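Per-entry structural report
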Amino acid sequence: HGRVAMLAVVGLITQTYFHLPGEAYQNADPFGAPATVGMGVNLQIFAAIGCVELANFNRHYDGSEPGDIGWTGGLLAGKTPEQIAK
């Protein structure tokens, strides 16, 4: 829960300074913004989160590490700390 809470705070701070182009995405109020963009955008976000959760449902019960959903780090996977520092 701590990592989720930290990510939520980063999201709240980020949306104060960065916005997607377009009039619908200029609302900086975290409680008013979902109503401004419309139901379609909110359903897309909900569907994406649902897909990730459904794809990893069995990981919760197979004895794997809690919170590990199998994302390996993308472009940083297999690199040493020295290569990453470049």
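Quick summary incoming for the structure in this document. Just so we're clear, the structure is a prediction, and the values are computed from it rather than from any experiment.

Some details on the overall build of the protein
- The number of helices and strands found in the protein is 4 helices and 0 strands.
- Listing each helix as α and each strand as β along the protein from the N terminus yields α-α-α-α.
- Against the 2.2 N^0.38 benchmark of 12 Å for 86 residues, the protein shows a C-alpha radius of gyration of 17 Å, more extended than a compact globule.
- Expressed along its principal axes, the backbone C-alpha trace of the protein runs to roughly 40 × 40 × 25 Å.
- The burial tally for the protein puts 3% of its 86 residues in the buried class.
- Working note: accessible area of the protein is about 7600 Å², and carbon and sulfur atoms make up 67% of it.
- Between the mean site of the 4 positive side-chain charges and the mean site of the 7 negative ones, the protein shows a separation of 13 Å.

Brief notes about the layout of surface pockets
- There is about 370 Å³ of room inside the second largest pocket.
- Surrounding the second largest pocket, 15 residues form its lining, Gln15, Tyr25, Asn27, Ala33 and Val37 being those nearest its centre.
- Counting residues per element, the ones that place at least two in the lining of the second largest pocket are α2 (33–37) and α3 (39–55).

With respect to a nonpolar patch on the surface
- Residues Val9, Ile13, Tyr17 and Phe18 make up a contiguous nonpolar surface patch of roughly 480 Å² in combined accessible area.
- One can find Ile13 in helix α1 (residues 2–17).
- Ile13 gets classed as partly exposed once you look at its relative accessible area, which sits at 48%.

Cut-offs and rules
- Residues numbered from 1 in each chain as written.
- Predicted model: local features only at pLDDT ≥ 70, side-chain atom pairs only at ≥ 80, totals over all residues.
- Heavy atoms only, no water.
- Helix = DSSP H or I, 4+ residues; strand = E, 2+ residues; numbered from the N terminus.
- Rg over C-alpha atoms; globule rule 2.2 N^0.38 Å.
- Buried < 20%, exposed > 50% of the residue type's maximum accessible area, 1.4 Å probe, protein only.
- Areas by Shrake-Rupley, 256 points an atom, 1.4 Å probe, with all protein chains shown as cover.
- Lys, Arg positive; Asp, Glu negative; His and termini not counted.
- Charge placed at Lys NZ, Arg CZ, Asp CG, Glu CD.
- 1 Å grid on protein atoms, 1.4 Å probe; cavity = no way out; pocket = protein on both sides within 12 Å on 5 of 7 lines; lining within 4 Å.
- Points joined across faces, edges and corners; volume = space filled by probe spheres on them.
- Patch = residues over 30% accessible without salt bridge, like charges linked within 9 Å, V, L, I, M, F, W, Y side chains within 5 Å.
- Salt bridge = Lys/Arg side-chain N within 4 Å of Asp/Glu carboxyl O.

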